[in-house]
Structure formats: C-alpha cells, structure tokens
Amino acid sequence: MTKTISTVALLLAIVLLLNGLPCVFAAEIDPVKQLHEFLVTHFPKAEKTEILSDVWEHITAMQPNTNIAVEPWDFRIDVGDREATLCIETGCIDFTAIPFQPNENLLYVHTRGFWRFGDEPIPDIALRWDPIKHSMTSIPFDGPISHNDYLLVEPVALDVHTAGLAIKGNSGAAGRAGDLDVYKSAKGAYERVFHLPSHRAQIIDAGPPTRLEDYSWNDWKGFPVNTDNLDMVSLSYAWAARNEYTWDSTENTFVKDSVVLSDFAVVNYFLKHVAEENLESAALLDKDFLAARGLSAIIEQIQPFVGEHLMFLPGYRGYDQRQSDHVVVIGAVNDPNDPTWMAGNQKRVIVFELIEKESSPTALIHKVIIIPTELMPSREYSSRPTLDFDQLGFEWYAGCFGWEKTYNELRDEMIVEPEGDWLACVAILRSPALMWVEAHYAAELRFEPEDIALKSYEDALKEANVPFTVKLASFSRDSLESDNLKFVLATNTGEHWEGRFTAKPMMKTMVSGLTVISREFHVEFDTSELPLPWDLISEITLYIIRQDKFERAEVVWNFGPALK
C-alpha cells in the first residue's frame, strides 16, 4: 500500500515513541501517548505491543491511497472512561471501547469532519484483540453502516442467547438527521437486522430482549392546527406518535408493540373531530371532564375557536395553573403567515391539560381552558374597551379557577408616580369585559342565577359612557376634595372630554405614625356627542387635575397600533 510522506512520518513518530527512543517531537505528540494508554487500558494483553500502530494500519488500510495531510504534533485528544477522540483542525477520529465478551472489549473506530480519503469518508471499523495473531483484527459487518457525524455505540442483548450492537448516529448542526442501526453478532461477524432512518430513534432497554423507540411525523395538512410555519424548535414537539419496538427472535427483527400519540397529536385529532362534529372525539376526553361539560356543549363552545387560524404554541408561558406535565397550548391568530403570534397577531389562547391514564397508553384531555386575550399576561398592550370581548373564554376560565380569580386578574390597576400632594394615584378602566365579569362575580357571592348577573351587567352598561375607578391617597384633605378636582379624558387623535364623578367618603389610615387619607372616585365620560372610534385609537390618557394648585397626574393606556 502506498503511503504519503505525512502518514509515514506519523507512523515513524508513533514507533519511536512507543520504543522509548529519543524523538524531537516527544513533547508535542503527547496526545499520541495518551491514546496509546487508552488502548492499553481496554486491551491489557496488548500492553507490550505496538497496538496504536496496529490500529492505525487498520484505519489507513481502508483505501489503497491515503490522503491524511497531518503532522503528529497537530493532534489534540480528549480521553474518557470508554471513549477517546483524536482531533486535528479539520476532523476527528472517535475510539469507543465496548464490552464484547466476558473480559474482552471491542474497539469501534469512527471518523468525522473532513478527515477522509478523497471525497469519501473513512468507513467505520470494529476491531478486537486476536490472541493467536497477537494483534488487532477487524470484525466484518454484513450490511451497511449509516454514516453520521456523531455516534453512540452500545452493546445490546437481543435475547438471552444473542448479543448485538446498536449504533445511533446524528448529523447536522442541530443533529436533526440520523439513523439507528442494530446488528446481531453471528459467526464472528455483525449482521444488520434493523434500520431506522430517524435522528429520534434510540434504545430504551438494552435487553434481553432489546427494546427501542422511534417517532413518526405527520404533515398535519387538513387538520385544524397546521405546522407549516413553525420554527424548528416548536416543530420538534409536533410529532405524531412514539412507536416502541421489541426484538422478536422468531421473526429475526424488531416488532412494533406500542404506539403512543403525542400530546399535540391528541389535541389536533380532538379539534378535527370537533370541527367535523364527530362523536368519536369523546374517546379523547377524560370521562370526568366529559361528564362535567357534556360532549355537545364542548363541541358547541369550541367550534368557533376551531374556525380560527390556529397556531401551536409549545413555548407559551402565560399559563401556570397546570396540574399536569402534559400541556398543549393553541393560539388563535389574525395572520397564520406571521411567524410571531404577539403584538397584534394574537386573538385568544386555549389550553389543553392532558393526563396519562395507567390503563391506556394514550394521553387523554383532562381539562380545557379558553384564555381570553384580556387575561393573557404575555399581551403587550391593554385591551380596547369595546363590546367585542370573549365571553366564552371568561366562562371557561372562571369554570376552572372561579369568578373571584378571573375578576382579580382582569381588574388591571394602572399606577402612576406620585404627583404634588398625592402619595398614590391608581386608576382602573372599567371596560365592558370587566363589568361583565364583575356582575358574574357578584352573582356568585350572592348565590344569584346567571340571568341576574346578565341583568346587572346590562343595567350598568352605557355604551356611550367610558367609566373609570380612581383611587387617590394623600396627607392633605384638600388634594382629595371634590371641589378641587377635575378629570379629563384625551385620545391620541386629539379629542378630549371632561368627566362627571362621584366620590366615596374619605378613609384614614395610620402609616408609621402618620395619617394617610385615601378616597375612591367613580368617573364617567359621556362620549355620545363625539363617539370614540376605539379601533382607530391607539392611546388614551386620563388627567387628574388639581383646580386649586398647578398639579395634575396622567394615567396612560396604550392599545397598540390603531387598526386600519
């Protein structure tokens, strides 16, 4: 076999080092010595042999013409318990010592990067110590070895009588390409008995018998939730099912014995059944949840949501009430082609909590929570106070957490820095949504039916009015006197209105020996003569003005870009 000068130089350096002869490269080629010690550790019978030269001969013998342009002092090495990696600037060789037989190891050699012969990668080889030849000898593979950048090689016991080797490979910058090959040891060779072209496939039980798993994928076309616009991270959660295989010695292969739907798949199948009004959707619902809601009611309430443009949101962090590790969040968006779902693209969110039943391998939907936009903590802007709010979402949310929690989360208090004599200025925009939830909360406290809550809401609602609750605190009574106060509402489009208000009695509180006076005001702005076009307004400001002094506080609500 013809060798390049650089290869000869490397072999010469190895021979000089192992024979203890003077070598000008001794300090620089310490990595070679480390590799030799690694090999001797796992092949102790070869201690007095030139095992490294022997292994290198097997590597370079894979092709008649070698093209390894590297000098011995260019090596770097990383040595672990059973793995060693020898690297140059353009590539690496991985050495893995694997238990082969009692008191005997197998050496698996894999090259990666640009350390190769011409345009072809150096084939993987498996070596074992031959005590008769007193050298390393290769073990043939009957069947191809899938080439990947990174490998995990492990011994398996296919059954009580049959040993094997599993080679799990990954390639690409993110490792999203790969294969799993399983080989059976027979007559001094390895026969490939199973292959999965999947980077997610892996051994879950080395046996006996050996068990492995893999993931199947759908394109989800025709389903309510499409995954075409998901990024790679989100897409990794959108697999269809996890398939488990067990070695069957009579079939001489692995047999699929279990299929487990992903949480996302359960939800997407359920939504498809709902869209089609298919009673089979009940099979994906927890019986307690189904009994509490009723299938027809569930379909009726979720169907409008299914008609929206839906996006899978595996990274959603706005829901922290989960009682299960299995949570799927789906968002309704205005533009499905927008890669983001925030800042104007969001409409609402629905959360599916799943619980894994011991009697079934399939996760069932245990709870469904429709989260209105107004309750999403991740929203960037305040919600416009229009009559177009998500009553269904509030009902479902309150059904899970109660009207008190729903009311407290919706009552968004705007707090501004103290101005003049005021120690605190707090304002609440009493939107139709807040008034609707407040009426239901009050009815719940009073054990009143829903029709009373709706009547209370309708009586309080005045479409042309924009109401606020304002709370002020001060050391000075004058700063809280009604005659000294004025409230003005202004928009970014230039309109403004003066408000009518009523005041509650002043309250006194002792704080660190000082008397703090507080007062609550109900303020209303009549916009009947100049109606507010809420869809065109991006910002409003409530001015709290002292009429006896030159002081005022400003409370701002930002609704985001005005709709065109």
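As shown above, the structure is provided for reference.
Residues numbered from 1 in each chain as written. Predicted model: local features only at pLDDT ≥ 70, side-chain atom pairs only at ≥ 80, totals over all residues. Heavy atoms only, no water.

## Here's the deal with the pattern of salt bridges
So the rule is basically this: Here, a salt bridge means any Lys or Arg side-chain nitrogen found within 4 Å of an Asp or Glu carboxyl oxygen. Relative accessibility under 20% of the residue-type maximum defines a buried residue, over 50% an exposed one, and the middle range a partly exposed one, all with a 1.4 Å probe and only protein chains included.
The full count for this structure, using the stated rule, is 19 salt bridges. A salt bridge links D228 to K221; its shortest N-O distance comes to 3.4 Å. Of the residues examined, D228 reaches a relative accessible area of 47% and is grouped as partly exposed. Here the residues in one salt-bridge network are D421, R546, D548, K549 and E551, joined through shared partners.

## As for the environment of N492
Worth spelling out the cut-off: Only runs of H or I of at least four residues qualify as helices and only runs of E of at least two qualify as strands under DSSP, and these elements are numbered from the N terminus. Pairs of residues are marked as contacts when any of their non-hydrogen atoms sit within 4.5 Å. Polar contacts here mean pairs of N or O atoms no more than 3.5 Å apart (in protein, one a potential hydrogen donor and the other a potential acceptor; neighbouring residues in sequence count only if both atoms are side-chain atoms).
Considering the arrangement of structural elements, one finds N492 in the loop between β25 (485-491) and β26 (496-498). Among the residues examined, N492 registers a relative accessible area of 39% and is labelled partly exposed. Once residues within four sequence positions are removed from consideration, N492 is found in contact with I537, S538 and E539. Looking at N492, its side chain comes within polar contact range of the side chain of S538, at 3.1 Å.

## Section: the nonpolar core
Spelled out, the test is: Throughout this description, the term nonpolar core refers to a set of buried Ala, Val, Leu, Ile, Met, Phe, Trp, Tyr and Cys residues connected via side-chain atoms within 4.5 Å.
Counting 35 residues, the largest nonpolar core has F270, L271, I302, I330 and F352 as the members making the most contacts within it. Breaking this core down by element, the ones donating at least two residues are α5 (263-275), α7 (295-306), β18 (309-312), β19 (326-333), β20 (346-356), β21 (363-371) and α8 (391-401). The biggest single contributor to this core is α5, with seven residues. Those residues in contact with F352 that lie beyond four places of it in its chain are V267, F270, L271, H326, V327, V328, I330, I365, K367 and V368. Within the second largest apolar cluster, 30 residues are counted, among which are M414, W422, L429 and I544.

## Here we look at α8
Buried residues of α8: L392, G393, F394, W396, Y397, A398 and F401, and no others. N-cap assignment for α8: the residue whose side-chain oxygen lies 2.9 Å from the backbone N of G393 is D390.

## Focus: a nonpolar patch on the surface
Put simply, the rule reads: By definition, no residue in a patch forms a salt bridge, and every one has over 30% relative accessible area; like charges are joined within 9 Å, nonpolar side chains (Val, Leu, Ile, Met, Phe, Trp, Tyr) within 5 Å. With residues, only the protein chains shown are counted as cover, and all accessible areas are computed by Shrake-Rupley using a 1.4 Å probe.
The grouping of L423, F475 and L514 at the surface amounts to a nonpolar patch, some 280 Å² of accessible area in total. One can find L514 in strand β29 (residues 514-526). Looking at L514, the relative accessible area reads 46%, which means it is partly exposed.

## A few points about helix α9 (residues 403-410)
Our working definition: Think of it as the arc spanned by the lines of direction from the helix axis to the C-beta atoms.
Within α9, the full set of buried residues consists of W403, T406, Y407 and L410. Around the axis of α9, the buried residues are gathered within 95 degrees of arc, so they sit on the same side. Contacts made by the buried residues of α9 are with α8 and α10 (432-445).

## Description of the sheet that holds strand β12 (residues 177-186)
This is how the line gets drawn: When DSSP finds at least two bridges between two strands, those strands are taken to pair.
A sheet is described by the order of its strands in space; here five strands give the open sequence β9-β13-β12-β11-β10, paired in mixed fashion. Two strands lie at the open edges of the sheet, namely β9 (141-142) and β10 (150-159), each paired on one side alone. As paired strands, strand β11 (residues 162-171) and β12 are joined by eight bridges and run antiparallel to one another. Opposite L165, over in β12, you have Y183 as the bridge partner.

## A few points about the environment of I59
One can find I59 in helix α3 (residues 51-60). A sequence separation of 63 residues divides I59 from I122, and the C-alpha atoms of the two residues are 7.8 Å apart.

## What about the pairing of strand β31 (residues 551-558)?
The side-chain alternation of β31 yields one buried face, formed by E551, A553, V555 and W557, and one unburied face, formed by R552, E554, V556 and N558. As paired elements, strand β30 (residues 539-546) and β31 share eight bridges and run antiparallel to each other. Considered in β31, the bridge of I545 is made with R552. Between the end of β30 and the start of β31, which pair antiparallel, lie four residues.

## Digging into the packing of α8 against α10
Put simply, the rule is: Each axis is a line fitted through C-alpha atoms, taken for helices only over the stretch in contact, and angles between the N-to-C directions span 0 to 180 degrees. Each angle receives one of four descriptions, namely roughly parallel if under 35 degrees, roughly antiparallel if over 145, roughly perpendicular if within 65 to 115, and oblique otherwise. Helix crossings are classified by the rotation of the near helix relative to the far one: an anticlockwise turn of less than a right angle makes the crossing left-handed, while a clockwise turn makes it right-handed.
Two elements in contact, α8 and α10, have axes separated by 11 Å at closest approach and are oriented at 40 degrees. Judged by the angle between their axes, α8 and α10 are oblique. Seen from above, α8 lies across α10 with right-handed handedness. Side by side, α8 and α10 meet where Q391, F394 and E395 of the first sit next to A433, W436 and V437 of the second.

## Some words on the packing of aromatic side chains
As a reminder, the rule being used: Classification of ring pairs uses Phe, Tyr and Trp, with its six-membered ring standing for Trp, and accepts pairs whose centres are within 6.5 Å; under 30 degrees between planes counts as stacked, over 60 as edge-to-face, and the remaining range as tilted. Two thresholds decide whether a charge sits over a ring: the Lys NZ or Arg CZ must be within 6 Å of the ring centre and within 35 degrees of the ring normal.
One pass over the structure, following the stated rule, counts 25 aromatic pairs. Considering the side-chain rings of F394 and W436, the 6.4 Å spacing of their centres and the 45 degrees angle between planes classify their relative orientation as tilted. In this pair, F394 is assigned in helix α8 and W436 in helix α10, connecting sequence segments 42 residues apart. Aromatic rings pair up to connect W220, F223, F264, Y269 and F312 into one cluster. Note that K272 overlies the ring of F223, its terminal NZ or CZ placed 5.0 Å from the centroid.

## Some thoughts on the state of the cysteines
We count it as follows: Note on disulfides: each one is a pair of cysteine sulfur atoms within 2.5 Å.
According to the stated counting rule, one finds one disulfide in the structure shown. Across the disulfide, C87 is cross-linked to C92 (sulfur-sulfur distance 2.0 Å). On the S-S bond that ties C87 to C92, the torsion sits near 105 degrees, and the link is right-handed. Across this residue pair, the class does not change: C87 and C92 are buried.

## Points about the environment of L152
Relative to the elements of secondary structure, L152 occurs in strand β10. Separated by 14 residues in the primary sequence, L152 and A166 place their C-alpha atoms 8.0 Å from one another. The contacts of L152, once residues within four sequence positions are left out, are A166, I167 and K168.

## Some points on the sheet that holds strand β4 (residues 104-113)
Overall, antiparallel pairing links the six strands, which are arranged β1-β2-β3-β4-β7-β8 in an open sheet. Across the chains shown, the open sheet's two edge strands, defined by having one partner strand only, are β1 (76-79) and β8 (135-138). Pairwise comparison of adjacent strand axes, ignoring direction, gives a mean angle of 25 degrees for this sheet. Relative to β8, strand β7 (residues 125-130) is paired through four bridges, and the arrangement is antiparallel. Bridging across to β8, L127 finds its partner in S138. Of the strands in this sheet, β3 (91-101), β4, β7 and β8 are in contact with α3, which crosses β8 at around 25 degrees.

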